[in-house]
Amino acid sequence: MEFIRSDIAKLSAYAPEVFESPTEPLDKLDANESPFDLPLEIKEKLAWHYQHFLATNRYPSGSHADLQEAIANYVNESASLDAAITPAHISVGNGSDELIRSLLIATCIGGEGAILIAQPTFSVYGIMAQTLGIPAVSVGRSLTDFAMNLSEAEEAIAQTDNPPIRVVFVVHPNSPTANPLTSAELDWLRRLPEHILVVIDEAYFEFSQTSVVGELPQHPNWVVLRTFSKAFRLAAHRVGYCIAHPQLIAALEKIRLPYNLTAFSQAAALVALNHRQLLLQSIPTILSERERLFQALSQHPTLQVWQSAANFLYLRLKTATPEIAQEQHSQFTQALKAQGTLVRSTGGGIRINVGSREENTRAQERVEAFLNRE
Ligand SMILES: *Cc1c(COP(=O)(O)O)cnc(C)c1O
């Protein structure tokens, strides 16, 4: 098909783990979702809203004004910001994935810019850049704490022209390695010139409770990404948002599809925000389960497990040399899947998210069974 761009023809489509099982449902610990569905009482509220208020023949709100306002309130409240963030600082996307794409369109497309990422990190930045014909420059991380190699990053920015680096993507805390930005990384980001956009993805903010939103007023070239897919338990609804200077938000609003969010998804996000106290009560449970899983997995002398500031753990088999790491970690993933637990082999290691208590206990047992195999 000669009409398809040659670089797209060479790409393969993003393939999430297959989670259907012929026999029984698998424990899904591969996508960093919350193990807890929305409580039934909140689903009922949403259903009631759907039945009585939502006209399915009408297009949804295209401006998201209510949602922007509710998000601004939540952001101010969670950062003790005293109304510094207004609806004009917020743009809402069909998942933060859409916002990542919009940011790339707003900054780099058409040969105007390249992006900088530190591997391993969230794969969507690189994938979306590729589909838009935007070069992605990768730098490495420390092998002990996964902090970005800052001198390599400096050099990449200095050396890359035609097109120059216009955007730096970081995740705070990073996926899959679960580490928050260090103070050295934050200082470096603060010193970046204003012609470079800094995207700080805080998808796991509710678990880490560390955020840079308080610094946004001093940095018009920073944007913070957040999502309802993780702590707010709304992955099925695809709602993400970003917080940035109103001028950048205005640019994103020009790019966004006119009705990018269904009315039902907007209602779900509003209901979730209105009941945030109840929904976020699950956070301490997840954090204490994370500690329990960390302790259990750390017992194994052949596993290296890193401390986590998010709702997942990152580990590597110490026996895996770089040459065979991929293969060994795939074996690990396959062995767990055969026993009924889905985890993800990525970035030269294994990412396993904290599930319910029962799921975590089964995961521990299944890891043990794999490590004790003949
Ligand atoms: C899960 C995740 C997201 C969320 O993406 P959505 O499109 O909002 O579901 C964003 N960034 C990172 C780093 C993530 O891990």
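Calculation rules
Residues numbered from 1 in each chain as written. Predicted model: local features only at pLDDT ≥ 70, side-chain atom pairs only at ≥ 80, totals over all residues. Heavy atoms only, no water. Axes fitted to C-alpha atoms, helices over the stretch in contact; angles between N-to-C directions. Helix = DSSP H or I, 4+ residues; strand = E, 2+ residues; numbered from the N terminus. Parallel < 35°, antiparallel > 145°, perpendicular 65-115°, else oblique. Left-handed = near helix turned anticlockwise from the far one by under 90°. Contact = heavy atoms within 4.5 Å. Nonpolar A, V, L, I, M, F, W, Y, C, P; charged D, E, K, R; others polar. Core = buried A, V, L, I, M, F, W, Y, C linked by side-chain atoms within 4.5 Å. Buried < 20%, exposed > 50% of the residue type's maximum accessible area, 1.4 Å probe, protein only. Pairing = 2+ DSSP bridges. Polar contact = N/O pair within 3.5 Å; in protein donor to acceptor, adjacent residues only side chain to side chain. Phe/Tyr/Trp six-rings, centres within 6.5 Å; stacked < 30°, edge-to-face > 60°. Lys NZ or Arg CZ within 6 Å of the ring centre and 35° of its normal.

**Student:** How would you explain the packing of helix 6 (residues 150-159) against helix 7 (residues 183-191) if you had to name every residue and give the values?
**Tutor:** With their axes 11 Å apart at the nearest point, helix 6 and helix 7 run at an angle of 20° to one another. It follows that helix 6 is roughly parallel to helix 7 by the angle criterion. Helix-helix and strand crossings are classified by hand; for helix 6 and helix 7 the assignment is right-handed. Of the residues in helix 7, those touching helix 6 at Leu150, Ala153, Glu154 and Ile157 are Ala184, Glu185 and Trp188. Looking at side-chain class alone, the contact of helix 6 with helix 7 contains 5 nonpolar, no polar and 2 charged residues.

**Student:** How would you explain the nonpolar core if you had to name every residue and give the values?
**Tutor:** Judged by nonpolar contacts, the single largest core of 52 residues is most densely connected at Ile71, Val168, Trp188, Leu189, Phe228 and Ile243. Among all residues touching valine 168, those that are not within four sequence positions of it are Leu116, Ile157, Trp188, Leu189, Leu192, Ile196, Leu197, Val198 and Val199.

**Student:** Give a description of the sheet that holds strand 12 (residues 344-346) that names residues and reports values.
**Tutor:** Adjacent strands of a sheet pair through backbone hydrogen bonds, lying either parallel or antiparallel. Reading across from one edge, 9-10-13-12 is the order of the 4 strands in this open sheet, with antiparallel pairing throughout. Looking at strand neighbours, the two that pair on one side only are strand 9 (303-305) and strand 12, the edges of this open sheet. In this sheet, adjacent strand axes meet at a mean angle of 35° when their direction is disregarded.

**Student:** I'd like a rundown of the side chain of glutamate 185, residues and numbers included.
**Tutor:** Its place among the elements puts glutamate 185 in helix 7. A distance of 2.8 Å separates a polar side-chain atom of glutamate 185 from the backbone nitrogen of methionine 148. Residues contacting glutamate 185, with those up to four places away along its chain left out, are Arg141, Ala147, Met148, Leu150 and Pro180.

**Student:** With reference to specific residues and values, describe the packing of aromatic side chains.
**Tutor:** Within the structure shown, the criterion is met by 13 aromatic pairs. Where tyrosine 59 meets tyrosine 259, the ring centres are 4.5 Å apart and the plane angle is 15°; that geometry is what we call stacked. You can see tyrosine 59 sitting in the loop between helix 2 (40-53) and helix 3 (65-78) and its partner tyrosine 259 sitting in the loop between helix 9 (246-255) and helix 10 (263-274), a full 200 residues away along the chain. Measuring from ring centre to ring centre gives 5.1 Å for phenylalanine 332 and phenylalanine 370, while their planes differ by 70°; the resulting arrangement is edge-to-face. With a gap of 38 residues between them, phenylalanine 332 in helix 13 (residues 322-339) and phenylalanine 370 in helix 14 (residues 357-371) connect regions that are remote in the sequence. Through a chain of ring-to-ring contacts, the aromatic side chains of Tyr74, Phe228, Phe232 and Tyr241 assemble into a single cluster. When the ring centre of phenylalanine 205 is taken as reference, the NZ or CZ atom of arginine 226 above it lies at 4.0 Å. Residue placement shows arginine 373 over the ring face of phenylalanine 370; its charged tip is 3.9 Å from the ring centre.

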